[in-house]
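One letter stands for each residue in the lines below.
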Amino acid sequence: MKQYTVAALPGEGIGLEVVEATLTILQKVAAKHNFSLQINYGEIGQAALEKYGSYFPEATSQICDRSDGILFGAVNKGGLLELRQQFEFFANLRPVKTHPSLKSERGFSAIDILFVRELVSGIYFGASGRGEDERGNFGYHTMHYYDWQIERIAKIALEKAKQRKGLLTVAHKENALPHLPWKKLVLEVAREYPEVTVEPMLVDNLAMQLVIQPQHFDVIVAGNLFGDILSDLGGALVGSVGLLGSASLNESGFGLYEPIHGTAPDIAGKDIANPLGTFASAIMMLEQWGEHEAAKDWQQSWDAILTEGYRTQDLYFHDSEILINTSELVQLFLRKLNSSFIKKKSNTLT
Ligand code: IPM
Ligand code: MN
């Protein structure tokens, strides 16, 4: 039997609940699809700082190193950027797709966008500091990109666009930041992808177009900061940021899987967090492992449960819907996966 090792890094806030919920379902999916899991927990963020004196301690790094995938919850500050950089998870994939059952009543457009965000460079990692001169105290963060860093994320985005509808929008700000030639570099790499149409767009206009005509977009490639902001906007377009998952991959295909929401301290520990974004992330992990059947099964339950009208509070909109908490949602998934399990078994008998 195939065995996968998962590094589980719940972090803080609702990270704890959503990762726990996800591991429960993941175990179920593994049993059903004939693979086994070894789960190793690692500490990151505030708890790690208190225990080891570092937000991302060596012990956690080693747990990640020995895994086939990292399942991450959320942290307030500290740990996450180090983790992303340590393993060079440069390609952050954030799919944003409208669920049919959330569409009609809420008046959403039917959208299917993949945000491809550069994750280990740009202003998050450039030279930074605080200083003082004759005009006062100041601070700075530098948006720094090697051309090859832009080119390598461009390639990922072009590959994805090629497999999808063939439109790649490039978020850039060359009118104000001419030394970061995203438009020019992506267009150059795109010469090898004649089947993809590349559409450079100033990031401010892009934000506006996402609101006005989100159905226009297919793949959007952006630097670290712009990608962060635009993908949250994506959450608003489909109902809740709580629905969205992500995969962050390095050159060898090893990945970090995390929901795009944060720690949500106001609702932490109340059993009301939405684990669907973390489920979506784990489904991406299964896809990356090549466990396509398992991924499909989980995804079908995901879709069915929303279609049936079950909603955590972030998604609850109308009294025709059924408001449930996190643990009830987990039970629903377990039942759903069980019933398709029985169906699958009886299919093989007949
Ligand atoms: C995200 C988060 C992080 C980011 C924060 C927590 C540093 O907002 O994953 O989108 O900005 O990358
Ligand atoms: Mn963010």
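Calculation notes
Residues numbered from 1 in each chain as written. Chains lettered and ligands numbered in written order. Predicted model: local features only at pLDDT ≥ 70, side-chain atom pairs only at ≥ 80, totals over all residues. Helix = DSSP H or I, 4+ residues; strand = E, 2+ residues; numbered from the N terminus. Rg over C-alpha atoms; globule rule 2.2 N^0.38 Å. Buried ≥ 20, exposed ≤ 12 C-beta atoms within 10 Å, placed from the backbone. Contact = placed C-beta atoms within 7 Å. Domains from an automatic or database assignment. Pairing = 2+ DSSP bridges. Axes fitted to C-alpha atoms, helices over the stretch in contact; angles between N-to-C directions. Parallel < 35°, antiparallel > 145°, perpendicular 65-115°, else oblique. Nonpolar A, V, L, I, M, F, W, Y, C, P; charged D, E, K, R; others polar.

Trainee: Got a sec to walk through the overall build of the protein? Specific residues and values, please.
Mentor: Of the regular secondary structure elements, the protein holds twelve helices and 14 strands. At 21 Å, the protein has a C-alpha radius of gyration in line with the 20 Å of a compact globule built from 350 residues. Of all 350 residues assigned to the protein, the portion counted as buried reaches 43%. Considering only intrachain contacts with a sequence separation of at least 6, the fraction spanning at least 24 residues in the protein is 73%.

Trainee: So what's going on with the domain arrangement of the protein? Which residues, and what values?
Mentor: Assigned domains of the protein: these are domain 1 (1–94 + 241–350) and domain 2 (109–238). Each partner contributes to the interface: domain 1 provides 15 residues, whereas domain 2 provides 18 residues. When contributions to the side of domain 1 that touches domain 2 are tallied by element, the ones reaching two or more residues are helix 4 (80–86) and strand 4 (91–97). Sort the elements by how many residues they give to the side of domain 1 that touches domain 2 and strand 4 lands first, with four residues.

Trainee: Quick rundown of the sheet that holds strand 3 (residues 69–74)? Include the residues and the values.
Mentor: On the basis of which strands lie adjacent, the open sheet formed by ten strands has the order 2-1-3-12-11-4-5-10-8-9 and mixed pairing. If you trace the sheet from one side to the other, it starts and ends with strand 2 (35–41) and strand 9 (197–202), each paired once. Each neighbouring strand pair of the sheet contributes to a mean axis angle of 25°, computed without reference to strand direction. Examined bridge by bridge, strand 4 and strand 11 (residues 245–249) share three bridges and lie antiparallel to one another. Looking across to strand 11, one finds that Ala 91 is bridged to Leu 249. Docked against the sheet, helix 6 (residues 147–163) engages strand 4, strand 5 (112–118), strand 8 (167–172) and strand 10 (219–222), running at close to 160° with respect to strand 5.

Trainee: Let's hear about the pairing of strand 3: which residues, and what values?
Mentor: Summarising burial for strand 3: six of the six residues are buried, a large majority. As paired elements, strand 1 (residues 2–11) and strand 3 share five bridges and run parallel to each other. Note that in strand 3 the partner of Val 6 across the bridge is Gly 69. Both strand 3 and strand 12 (residues 255–259) contribute to a ladder of two bridges, which runs parallel. Bridge pairing in strand 12 places Leu 71 opposite Tyr 257.

Trainee: Now, about the packing of helix 8 (residues 203–212) against helix 9 (residues 224–238): what can you tell me, with residues and values included?
Mentor: Contact geometry for helix 8 and helix 9: axes closest at 10 Å, N-to-C directions at 10°. On the basis of the axis angle, helix 8 is roughly parallel to helix 9. Mapping the contact onto sequence places Val 203, Leu 206, Ala 207 and Leu 210 in helix 8 and Phe 226, Leu 230, Leu 233 and Leu 237 in helix 9. A per-class count over the contact of helix 8 with helix 9 returns eight nonpolar, no polar and no charged.

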